[in-house]
Structures are given as C-alpha cells and as structure tokens.
Amino acid sequence: MAWEDFFMEVGALPDYLATGIDISEFNGDVNIAALRGKVDFIIIRCGFGGDYSSQDDSQYRLNVQKCRAAGIPFGVYLYSYARNTDMARSEARHTLRLLREMRVERALYGVWYDVEDKTLPTGEQLVDNCLTYCEEMRRAGYYCGIYASLSWMLNRLNSPRLSHIDRWVAQWNSTLDYPGAGMWQYTDRGIINGKIFDMNRAFRDYPAIIEGEDWTDMTREEVAKLARQEAQTVYNE
C-alpha cells in the first residue's frame, strides 16, 4: 500500500486506542519514569524553525533518553516558522539531524509538523511548505503528519493536496469535530502526578502502522540503508 493511499482508506475512527502527552522544554525536567502506566505515549518537541543548533529544544535529548529508559513509545514534533519551501526544507533537515543524532530509526508515534505560528504564510504557500516538509520526512523513512488547531485544519489546511497526510488536531473540548484525525489534543490542562500537561488521544495504532510500514513503498532494508547513508553524511560534515 502506498503512502498516498493509506489515509484515503482509514476513514473516521470512533474510539481512541491510546492516551498520551506532548512535552517540550517549557515543561521543564519531566519525571518520565513516573509516567509509566499512566500514559501510553509521549510526543517530544525536538526543536523549532530551521536547522540551527540554537533552535534545538533544550530538553529533547534527555526526553528521548528518559522515554527509552521508561519503555514509553514516543514521537517527535517540530514547531514551524517556515515562510517558504526553502525554510521548510531546513526545518526537515533540523528534524532529521536530531532524529539521527539520537539514533531514532523509528519514531513509533510519528513525526509531526507543528503549523500554528501567526507569522506563517497563508494559501498555497502554507500548503507547499507542509508538502515539502512531509515529503522530506517520508523520503528519509519517517511517518509524518501535521499538527494544527481545528480552525487551521478547517480553514487553512483544507486543501485536497494535503488529503493524504495524517492530522493531529488541537481542539480543547469534550468532543472532536474533525472526522478522520489520527490524533486529538483534547486539553492543555491535564494533570498527572500533580503536573500539568497537554493531553492527547490516538485513534490509530501508530506502532503497528509504522513498524508494519503500510504507509511507505520502501522496504525495511531500504529504510535502514537510507538511514545509515544519511547518518554517515551528517558525520562526514
């Protein structure tokens, strides 16, 4: 099954399969070990904007290490400031550099492009940026989707050109008004162990999808080979 076909077939999913949180440096030093048994997954911010080390999330590396130590599957997201496709490519390089540095060959809850900043372009330029970033991630062997608010999904990201790309929708509400979303950020006021987190529900079995590779036409061996080649390129630089 090709990447372009997958999301056209899944349709709306009425029941969520897993509950998780998303975290960044703004959450501080999170005690991830204490979250075992309380969350099914964590989405970690790796950075923001283009490929500059100053724009890496200061807690990203520690958060990846702590998720691994706790045995909690994770995904990553990057906060976009891209005004054109060149900047979107730089943001893809930024994400890939950080994934490879931490040897994340499979982000079991995906890679997500966070599209919400008020400085972002509108119209076809925004669509082009999303397509550019997601395609760069897919070519590198990573499952990729878009994060945005419900309003942006309905009004700025409703192009049919994006219909094959998974959606993580932010709607802080008791119900989700976006059929077919893969994930739902349903509150920014969830409390676990006395700490406040953004809370999310996954409607798809992302580990099964990503490990099964139904979303890509590349074989596991081809993905691994590409990852090794690109990691060597980064090392040589």
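Just so we're clear, the structure is a prediction, and the values are computed from it rather than from any experiment.

### Thoughts on the overall build of the protein chain
Across its full length, the protein chain carries seven helices and eight strands. Put simply, the protein chain has 237 residues, and 53% of those count as buried. If you take every contact in the protein chain between residues at least 6 apart in sequence, the share linking residues at least 24 apart comes to 65%.

### Focus: the layout of surface pockets
Volume-wise, the largest pocket comes out at about 430 Å³. If you go around the largest pocket, you meet 22 residues; those closest to its centre are Asp-22, Ser-24, Tyr-77, Glu-116 and Asp-198. Of all elements in the fold, only strand 1 (18-23), strand 2 (41-48), strand 3 (74-79), strand 5 (144-149), strand 6 (166-170), strand 7 (183-192) and strand 8 (195-202) reach the threshold of two or more residues within the lining of the largest pocket. In terms of residue count, strand 8 provides more of the lining of the largest pocket than any other element does, three residues in total.

### Section: helix 3 (residues 85-101)
The end-to-end C-alpha separation of helix 3 is 24 Å, in line with the 24 Å expected for 17 residues at 1.5 Å each. One side-chain oxygen at the N-terminal end of helix 3 lies 3.1 Å from the backbone nitrogen of Asp-86; it belongs to Asn-84. After helix 3 finishes, the residue Arg-103 shows a positive phi value of roughly 55°.

### Concerning the environment of Met-102
Within the element layout of this structure, Met-102 appears in the loop between helix 3 and strand 4 (111-114). In this structure Met-102 comes out as buried when scored by relative accessible area, which is 9%. With 42 residues separating them in the primary sequence, Met-102 and Tyr-60 have C-alpha atoms 9.5 Å apart. What Met-102 contacts, discounting residues up to four positions off in sequence, is Tyr-60, Arg-61, Val-64, Gln-65 and Arg-68.

### Structural notes on the confidence of the model for the protein chain
Per-residue confidence for the protein chain averages 88 on the pLDDT scale, and 84% of its residues sit at or above 70. pLDDT under 50 marks residues 1-13. Its contacts with residues more than four places away, or in other chains, come to 28 contacts. A low-confidence stretch, residues 222-237 stays under pLDDT 50, and its non-local contacts, those more than four residues away or across chains, total 13 contacts.

### Examining the side chain of Asp-22
With respect to the secondary-structure elements, Asp-22 resides in strand 1. Of note is the side chain of Asp-22, whose polar atom sits 3.0 Å from the side chain of Gln-185.

### A word on the sheet that holds strand 4
The strand order around the closed barrel formed by eight strands is 1-2-3-4-5-6-7-8, and the pairing between neighbours is mixed. Taking the axes of each pair of neighbouring strands and ignoring which way they run, one obtains an average angle of 30° across the sheet. Pairing geometry for strand 1 and strand 2, over four bridges, is parallel. Across the sheet, the residue bridging to Ile-23 is Ile-44, located in strand 2. Of the strands in this sheet, strand 1, strand 2 and strand 3 are in contact with helix 2 (residues 60-70), which crosses strand 2 at around 160°.

### Points about the pattern of salt bridges
Opposite charge on two side chains permits them to pair, given that their charged atoms come into close proximity. What the rule picks out here adds up to 14 salt bridges. Here Arg-139 ties to Glu-136 by a salt bridge, and the two come within 3.7 Å at their closest N and O atoms. Taken together, the residues Arg-139 and Glu-136, both in helix 4 (residues 123-139) and three residues apart, mark about one turn of the helix. Given the relative accessible area of 25%, Glu-136 is considered partly exposed. Between Arg-189 and Asp-188 there is a salt bridge, and its shortest N-O distance comes to 3.3 Å. Judged by relative accessible area, which is 57%, Arg-189 ranks as exposed. Asp-188 gets classed as buried once you look at its relative accessible area, which sits at 18%. One salt-bridge network, held together by shared partners, links Asp-51, Asp-56, Arg-61, Arg-97 and Glu-101.

### Some details on unusual backbone geometry
In this model, Arg-103 sits at a positive phi of 55°, which is unusual for a non-glycine residue. Mapped onto the elements, Arg-103 comes out in the loop between helix 3 and strand 4. Judged by relative accessible area, which is 69%, Arg-103 ranks as exposed. Of note in the backbone geometry, Asn-193 takes a positive phi value of approximately 55° without being a glycine. Mapped onto the elements, Asn-193 comes out in the loop between strand 7 and strand 8. Residue classification places Asn-193 among the partly exposed residues on the basis of a relative accessible area of 40%.

Reading guide: rules and limits
- Residues numbered from 1 in each chain as written.
- Predicted model: local features only at pLDDT ≥ 70, side-chain atom pairs only at ≥ 80, totals over all residues.
- Heavy atoms only, no water.
- Helix = DSSP H or I, 4+ residues; strand = E, 2+ residues; numbered from the N terminus.
- Buried < 20%, exposed > 50% of the residue type's maximum accessible area, 1.4 Å probe, protein only.
- Contact = heavy atoms within 4.5 Å.
- 1 Å grid on protein atoms, 1.4 Å probe; cavity = no way out; pocket = protein on both sides within 12 Å on 5 of 7 lines; lining within 4 Å.
- Points joined across faces, edges and corners; volume = space filled by probe spheres on them.
- Expected span 1.5 Å × (residues − 1).
- Polar contact = N/O pair within 3.5 Å; in protein donor to acceptor, adjacent residues only side chain to side chain.
- pLDDT = per-residue confidence, 0-100.
- Pairing = 2+ DSSP bridges.
- Axes fitted to C-alpha atoms, helices over the stretch in contact; angles between N-to-C directions.
- Salt bridge = Lys/Arg side-chain N within 4 Å of Asp/Glu carboxyl O.

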